[in-house]
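What follows is each chain in one-letter form.
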Protein chains: 2
Amino acid sequence: MSDSRSDKGTRLARGVQKLLHDMGYDSLMEVKLRIRRRVDVMGINEKGRIIIVEVKSGPADYRVDEKWSEYLQFCDEFYFAVDAEFPQDLLPDKHGLIIADAFGGAIARTSADFNLNAARRRNVTLRFARIAARRLLETENPIKEKFNVF
Amino acid sequence: MSDSRSDKGTRLARGVQKLLHDMGYDSLMEVKLRIRRRVDVMGINEKGRIIIVEVKSGPADYRVDEKWSEYLQFCDEFYFAVDAEFPQDLLPDKHGLIIADAFGGAIARTSADFNLNAARRRNVTLRFARIAARRLLETENPIKEKFNVF
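By the naming in an unreviewed UniProt entry, chain A goes by MmcB family DNA repair protein and is assigned to Sneathiella sedimenti.

Draft legend 1. Here's a closer look at the sheet that holds strand E3 (residues 50-55) of chain B. Strand order in the open sheet formed by six strands is E1-E2-E3-E4-E5-E6 (chain B), and the pairing between neighbours is mixed. For this open sheet the edge positions go to strand E1 (26-32) and strand E6 (104-109) of chain B, each flanked by a neighbour on one side alone. Strand-to-strand, the axes of this sheet are offset by a mean angle of 30°, without reference to chain direction. Of the pairings in the sheet, the one linking strand E2 (residues 38-44) of chain B to E3(B) comprises four bridges and is antiparallel in character. The partner of Val41(B) across the bridge, within E3(B), is Val53(B). Packing of helix H3 (residues 118-140) of chain A onto the sheet brings it into contact with E1 and E2 of chain B, and relative to E1(B) it is tilted by some 90°.

Draft legend 2. Highlighting the relation of the copies chain A and chain B. Rotating chain A by 180° and moving it 0.0 Å along the rotation axis overlays it on chain B with an RMSD of 0.0 Å. Seen this way, the second copy is the image of the first under a two-fold rotation axis. Across chain A, the rotation axis passes nearest the C-alpha of Ala129(A), at a separation of 1.9 Å. Looking at the interface residues of chain A, 97% of them are also at the interface in chain B, so both copies use one shared face.

Draft legend 3. Quick look at the nonpolar core. In terms of nonpolar packing, the biggest core is built from 58 residues, with Met42(A), Ile52(A) and Met42(B) touching the most fellow members. When neighbours within four sequence positions are excluded, Met42(A) is seen to be in contact with Asp26(A), Ser27(A), Leu28(A), Val31(A), Leu33(A), Ile50(A), Ile51(A), Ile52(A), Val124(A) and Phe128(A).

Draft legend 4. Seen up close, the sheet that holds strand E3 (residues 50-55) of chain A. Strand order in the open sheet formed by six strands is E1-E2-E3-E4-E5-E6 (chain A), with mixed pairing between adjacent strands. Sheet topology places strand E1 (26-32) and strand E6 (104-109) of chain A at the edges, where each strand pairs with a single neighbour. Direction aside, the axes of adjacent strands within the sheet are offset by 30° on average. Contacting E1, strand E2 (38-44) and E3 of chain A, H3(A) runs over the sheet at an angle of about 95° to E1(A). Of the strands in this sheet, E1 and E2 of chain A touch helix H3 (residues 118-140) of chain B, which is tilted by about 90° from E1(A).

Draft legend 5. A look at H3(A). Residue and element names in this part refer to chain A. The terminal C-alpha atoms of H3, which comprises 23 residues, lie 33 Å apart, in line with the 33 Å expected from a rise of 1.5 Å per residue. All of the buried residues along H3 are Arg-121, Val-124, Thr-125, Leu-126, Phe-128, Ala-129, Arg-130, Ile-131, Ala-132, Ala-133, Leu-136 and Leu-137. One side-chain oxygen of the residue at the start of H3 lies 3.1 Å from the amide nitrogen of Ala-119, identifying that residue as Asn-117.

Cut-off values and rules
Residues numbered from 1 in each chain as written. Chains lettered and ligands numbered in written order. Predicted model: local features only at pLDDT ≥ 70, side-chain atom pairs only at ≥ 80, totals over all residues. Heavy atoms only, no water. Pairing = 2+ DSSP bridges. Helix = DSSP H or I, 4+ residues; strand = E, 2+ residues; numbered from the N terminus. Axes fitted to C-alpha atoms, helices over the stretch in contact; angles between N-to-C directions. Contact = heavy atoms within 4.5 Å. Least-squares fit on C-alpha atoms with pLDDT ≥ 70 in both. Core = buried A, V, L, I, M, F, W, Y, C linked by side-chain atoms within 4.5 Å. Buried < 20%, exposed > 50% of the residue type's maximum accessible area, 1.4 Å probe, protein only. Expected span 1.5 Å × (residues − 1). Polar contact = N/O pair within 3.5 Å; in protein donor to acceptor, adjacent residues only side chain to side chain.

What follows is the structure, given as structure tokens:
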């Protein structure tokens, strides 16, 4: 989703998180990589495997955004996630594909295995860990100033 | 805190999280290790260093609980955290010490550097990442059934 606040994109991302959960992956929305790109959904399983999902709310969203090609080097599997109405011919057919709605999704085409290298896996996992903990703490302490002021 | 729902323990743990935040560590409460022990607070910084903090709400809490010695092998630094009234003579003087209240804390004695080995660091970081993401998702989706029923 090029606009991270797109309602439709957020709904699809939730469905993707539900699917990843069922696949044994814990996931986060909007994870910023070292390259300063922010991936829509990132999942990690108990073996440490990393899935990145790029959510496309519609054809226009896909056409304007070429960032996704940079994500392949930061994951073991990469998927586009679109809803059932999306014209799938637009998408490159060599990448993974998830058909999602707000409540779940299914894998329509499996991703290649990009076999993330060890140093990068460590870096991505650490980022994921820190972002998740920070967001949780902010959620638990709605008065954010409490943590910024001191 | 032997009883994880001890109000005082939770307040001190919050203060510890505040201190860790100021030190550049993102942290979580109650992180379950592979050995099925649950540490009170775990922090991780941008270099991947791991701090474990054992919160002691009072002398009785310290006396009944010997689990902490098993934590040393899962972190780079280990601290006890107590409030200003706690009789510090009770605590082993070779370990790190944090004096905390509900709003922050200070390091009274620095921890040794346990230099966590790489495999274990990977494992601990991954657990931290997945626990944080799962809690965040549950917080964002208060109707947990949504994620369990399907």
